[in-house]
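Architecture and fold: a report
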Number of protein chains: 2
Amino acid sequence: MKMSVFGTGFAGQTIAEKLFQLGHSVMVGTRDIESLLKKDQKDYIGRPPFKEWHAANKGIELGNYKEAAAFGEMIINATNGAGTIEAFESAGEENLNNKVVLDISNPLDFSKGMPPSFFVCNTDSLGETLQRTFPKMKVVKSLNTVNAYVMVNPGLLSEDTNIFISGNDPSAKEEVKNLLMSFGWKEKYLIDLGDISTARGTEQLVAVWVRLMGALNTPMFNFKIVKGNLPQ
Amino acid sequence: MKMSVFGTGFAGQTIAEKLFQLGHSVMVGTRDIESLLKKDQKDYIGRPPFKEWHAANKGIELGNYKEAAAFGEMIINATNGAGTIEAFESAGEENLNNKVVLDISNPLDFSKGMPPSFFVCNTDSLGETLQRTFPKMKVVKSLNTVNAYVMVNPGLLSEDTNIFISGNDPSAKEEVKNLLMSFGWKEKYLIDLGDISTARGTEQLVAVWVRLMGALNTPMFNFKIVKGNLPQ
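In this text, all values refer to a predicted model and were calculated from it rather than measured experimentally.

1. So, the interface of chain B and chain A
- Contacts between chain B and chain A engage 42 residues on the former and 42 residues on the latter.
- Both sides together, the interface formed by chain B and chain A hides about 3600 Å², and carbon and sulfur atoms give 69% of it.
- Area buried by chain B at its contact with chain A is led by Arg211, Val226 and Lys227 of chain B, which between them contribute 17% of it.
- The interface formed by chain B and chain A includes 2 salt bridges.
- Among the salt bridges present, the one from Glu159 of chain A reaches Lys224 of chain B, with a minimum N-O distance of 2.8 Å.
- Linking chain B to chain A there are 13 residue pairs in polar contact (both at pLDDT 80 or more).
- Elements that contribute at least two residues to the side of chain B that touches chain A include exactly strand 7 (117–118), strand 10 (190–194), helix 9 (199–216) and strand 11 (221–227) of chain B.
- Looking at the side of chain B that touches chain A element by element, the count peaks at 11 residues for helix 9 of chain B.
- In terms of residue class, the side of chain B that touches chain A is made up of 21 nonpolar, 14 polar and 7 charged.
- Relative to strand 11 of chain B, strand 11 (residues 221–227) of chain A runs antiparallel, the two being bridged by 7 bridges. Residue pairing across strands places Ile225 of chain A opposite Phe223 of chain B, the latter belonging to strand 11 of chain B.

2. Section: the relation of the copies chain B and chain A
- For the pair chain B and chain A, the relating rotation is 180°, the translation along its axis is 0.0 Å, and the fit reaches an RMSD of 0.0 Å. The superposition of one copy onto the other is thereby described by a two-fold rotation axis.
- In this assembly, 100% of the residues forming the interface of chain B have copies in chain A that are likewise at the interface, indicating an isologous arrangement.

3. Quick word on the packing of aromatic side chains
- All told, the structure shown has 15 aromatic pairs over all chains when counted by the stated rule.
- Judged by centre distance (4.9 Å) and plane angle (45°), the rings of Phe6 of chain A and Tyr65 of chain A are tilted. Here Phe6 of chain A, found in strand 1 (residues 2–6), pairs with Tyr65 of chain A, found in helix 4 (residues 65–71); they are 59 residues apart in sequence, far enough to count as distant.
- Ring centres 5.1 Å apart and planes at 25° place the aromatic pair Trp209 of chain A and Phe221 of chain A in the stacked group. In this pair, Trp209 of chain A is assigned in helix 10 (residues 199–216) and Phe221 of chain A in strand 11, connecting sequence segments 12 residues apart. In this pair, the class of Trp209 of chain A matches that of Phe221 of chain A, namely buried.
- Chaining the aromatic ring pairs together yields one cluster made of Trp209, Phe221 and Phe223 of chain A together with Trp209, Phe221 and Phe223 of chain B.

4. Concerning the side chain of Gln204 of chain A
- For Gln204 of chain A, the position within the fold is in helix 10.
- On the basis of relative accessibility, which here comes to 2%, the residue Gln204 of chain A falls in the buried class.
- Beyond its immediate sequence surroundings of up to four residues, Gln204 of chain A is in contact with Phe118, Cys121 and Asn122 of chain A together with Phe118, Cys121, Gln204 and Ala207 of chain B.

5. Notes on the pattern of salt bridges
- This structure, assessed with the given rule, holds 21 salt bridges over all chains.
- Taking the shortest distance from any N to any O, the salt bridge between Lys186 of chain A and Asp160 of chain A comes out at 2.9 Å. Here Lys186 of chain A is found in the loop between helix 9 (170–183) and strand 10 (190–194), whereas its partner Asp160 of chain A is found in the loop between helix 8 (148–151) and strand 9 (163–167), with 26 residues between them in sequence.
- According to the relative accessible area criterion, Lys186 of chain A is partly exposed, its value standing at 44%.
- Judged by its relative accessible area of 30%, Asp160 of chain A falls in the partly exposed class.
- Residues participating in the shared-partner salt-bridge network are Glu159 and Lys224 of chain A together with Glu159 and Lys224 of chain B.

6. Concerning the nonpolar core
- Of all hydrophobic cores here, the largest spans 39 residues; its most connected members are Ile15, Leu19, Leu143 and Trp185 of chain A.
- Among the elements that make up this core, the one with the highest residue count is helix 9 of chain A (5 residues).
- Residues in contact with Leu19 of chain A, not counting those within four places in the same chain, are Met3, Val5, His24, Val26, Ile76, Leu179 and Phe183 of chain A.
- Counting 38 residues, the second largest nonpolar core, distinct from the first, contains Val226 of chain A together with Ile76, Ile104 and Val152 of chain B.

7. A short note on the packing of helix 1 (residues 10–21) of chain B against helix 8 (residues 170–183) of chain B
Residues and elements named next belong to chain B.
- Where helix 1 meets helix 8, the axes come as close as 11 Å, and the angle between the chain directions of the two elements is 85°. Taken together, the axis directions place helix 1 and helix 8 in an arrangement best described as roughly perpendicular. On helix 8, the residues touching Ile15, Lys18 and Leu19 of helix 1 are Leu179, Ser182 and Phe183.
- Tallied by class, the residues present in the contact of helix 1 with helix 8 amount to 4 nonpolar, 1 polar and 1 charged.

8. Section: the sheet that holds strand 3 (residues 61–64) of chain B
Residues and elements named next belong to chain B.
- The strand order 3-2-1-4-5-8-9-10 describes an open sheet built from 8 strands, whose pairing is mixed. Since the sheet does not close on itself, it has two edges, and those belong to strand 3 and strand 10, each with one partner. Averaged over all pairs of adjacent strands, the angle between their axes in this sheet comes to 25°, without regard to strand direction.
- Two strands pair when backbone bridges link them, and strand 9 (residues 163–167) and strand 10 are joined in this way by 4 bridges, in the parallel orientation. The residue bridging Phe164 from the neighbouring strand is Ile191, located in strand 10.

9. Side note on the confidence of the model for chain A
Residue and element names in this part refer to chain A.
- This prediction gives chain A a mean pLDDT of 97; 100% of its residues lie at or above 70.
- Within chain A, no element has a lower average pLDDT than helix 2 (residues 33–38), which sits at 96, and none a higher one than strand 8 (residues 138–142), at 99.
- Predicted complex, confidence summary: ipTM 0.96, pTM 0.97.

10. Remarks on helix 1 (residues 10–21) of chain A
All names here are of chain A.
- Along its 12 residues, helix 1 runs 17 Å from first to last C-alpha, staying within 8% of the 16 Å computed at 1.5 Å per residue.
- Every buried residue of helix 1 is accounted for by Phe10, Gly12, Gln13, Thr14, Ile15, Ala16, Lys18 and Leu19.
- Lining the buried residues of helix 1 we find strand 1, strand 2 (25–30), helix 3 (50–56), strand 4 (74–77), helix 8 and helix 9.
- The positive-phi residue at the C-terminal boundary of helix 1 is Gly23, with phi of around 95°.

About the thresholds
- Within any chain, residue numbers begin from 1 and follow the written order of that chain's sequence.
- The order in which chains are written sets their letters, starting at A; the order in which ligands are written sets their numbers, starting at 1.
- Residue-level local features of this predicted model are given only where pLDDT is at least 70; pairs of side-chain atoms are given and counted only at 80 or more, and the full residue set underlies all totals for whole chains, interfaces and linings.
- Think of the side-chain values as coming from all heavy atoms in the structure, minus any hydrogens and water.
- Whether two residues are in contact is decided by their heavy atoms, any of which lying within 4.5 Å being enough.
- Here the quantity called buried area is the accessible surface, traced with a 1.4 Å probe, that two parts lose on coming together, added over both.
- The term salt bridge refers to a side-chain nitrogen of Lys or Arg lying within 4 Å of a carboxyl oxygen of Asp or Glu.
- Identification of polar contacts relies on pairs of N or O atoms within 3.5 Å, with a donor-acceptor requirement for protein atoms, meaning one able to donate a hydrogen and the other able to accept it, and with residues adjacent in sequence counted only if both atoms are side-chain atoms.
- By the criteria applied, helices consist of DSSP H or I runs no shorter than four residues and strands consist of E runs no shorter than two, each listed in order from the N terminus.
- When residues are sorted by character, Ala, Val, Leu, Ile, Met, Phe, Trp, Tyr, Cys and Pro go into the nonpolar class, Asp, Glu, Lys and Arg into the charged class, and all the rest, Gly among them, into the polar class.
- Here the rule is simple: two strands pair whenever DSSP picks up at least two bridges between them.
- Here the copies are matched by least squares. The fit uses the C-alpha atoms of residues with pLDDT of at least 70 in both.
- Ring pairs are drawn from Phe, Tyr and Trp, using the six-membered ring of Trp, whenever the two centres fall within 6.5 Å, and their geometry is named by plane angle: stacked under 30 degrees, edge-to-face over 60, tilted for the rest.
- Note on exposure labels: buried denotes an accessible area under 20% of the residue type's maximum, exposed denotes more than 50%, and partly exposed covers the range between, all computed with a 1.4 Å probe on protein chains only.
- We define a nonpolar core as any set of buried Ala, Val, Leu, Ile, Met, Phe, Trp, Tyr and Cys residues linked to one another through side-chain atoms lying within 4.5 Å.
- To obtain an axis, a line is fitted to C-alpha atoms, over the contacting stretch when the element is a helix, and the angle between two such axes runs from 0 to 180 degrees between their N-to-C directions.
- Roughly parallel here means an angle under 35 degrees, roughly antiparallel means over 145, roughly perpendicular means 65 to 115, and every remaining angle is called oblique.
- Per-residue confidence from the predictor is reported as pLDDT, a score between 0 and 100.
- Take the number of residues in a helix, subtract one, and multiply by 1.5 Å to get its expected span.

What follows is the structure in structure tokens.
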């Protein structure tokens, strides 16, 4: 399948590699190709500049957001939350309409220091904002509650864990479920929370996630929902 | 130990019963005893009026917030989040200062319908508000991420799960940890997230909790943190 990945950071690279390994045709989309390929500094978490990854992943195409949107049958939004709407606006509605958009981003605001806060939350979410801004896209929110390594390889964790799905379009959610299963997620651990407004729940879950990363001293964890019975 | 429980709803009743079973002296605190005992309607989830519970739990004392605060060596805040600050203000600082306050409430706003939103979140929390308003109390946020049945009986769930602890005072957190262990929580599943500002994480976790309750059709569940290793 032709897959586009918006965003060239750690999450975008990790998802793009996985999709390519699985046999998809993949194009990574960015705002400005030339300036991206000029960067020769490590990023804020010490990862090498994008051009090194690009050179090591020759099979993965690179385009601007418009080219990537036109290329993909499905689009995965791995941009920084703060740049999400602008990225999609620059892609052009004609390249986006009717497509399934898997939104893995979070509306994190780093301007007030660490841990980040949200630039939208509580009575709205980034997933809803994206769906509202592009009503003909089929936005499905998922994977935004785990680190990118876990997104594409849930078996790195010591037990099966849950992943959440939010979206308005049932068939789009089925397509995303199939993609997640191809990444290694087991069907019985996928929890469909309901329409895209339930993205408020999973985006705000990141508030405890970032604090757990600090307390546990690792980003390699996820939540498993354990059920029980009412007292007799 | 002398324990006060602020709040006479489901959570307050459940915690008070458990504390009494464990051998503590317990006083439940409320705003207005007379009006509480006059109520003869079931509550919004169909539970019988408070006076029936009160009659069935003769060993548990009832007082106004001031009396309950004066009584308790530790105070458990099980009020509605919206009424928390007012409850503590009416209790009088002289009855609160230097005491450990286990805050199990959440800042839920039901005015916009279900599921609830928050009246404080993101860059602040109810736990912080309570600590800031009464700087000489030792506020510890915990148990606010599970249903009251699970709070006092984690063994109702099919596996061990995690509970989070936030607070500024290390010895107050130790006291709360010991209380949680007396409820059945295992020490290795208690996660100290850090100071009281980390209550932002656990309070906002309730956004996904209420949506999971809908998706799973039960309030009987909790989160287990599953860890793993970075890819090789």
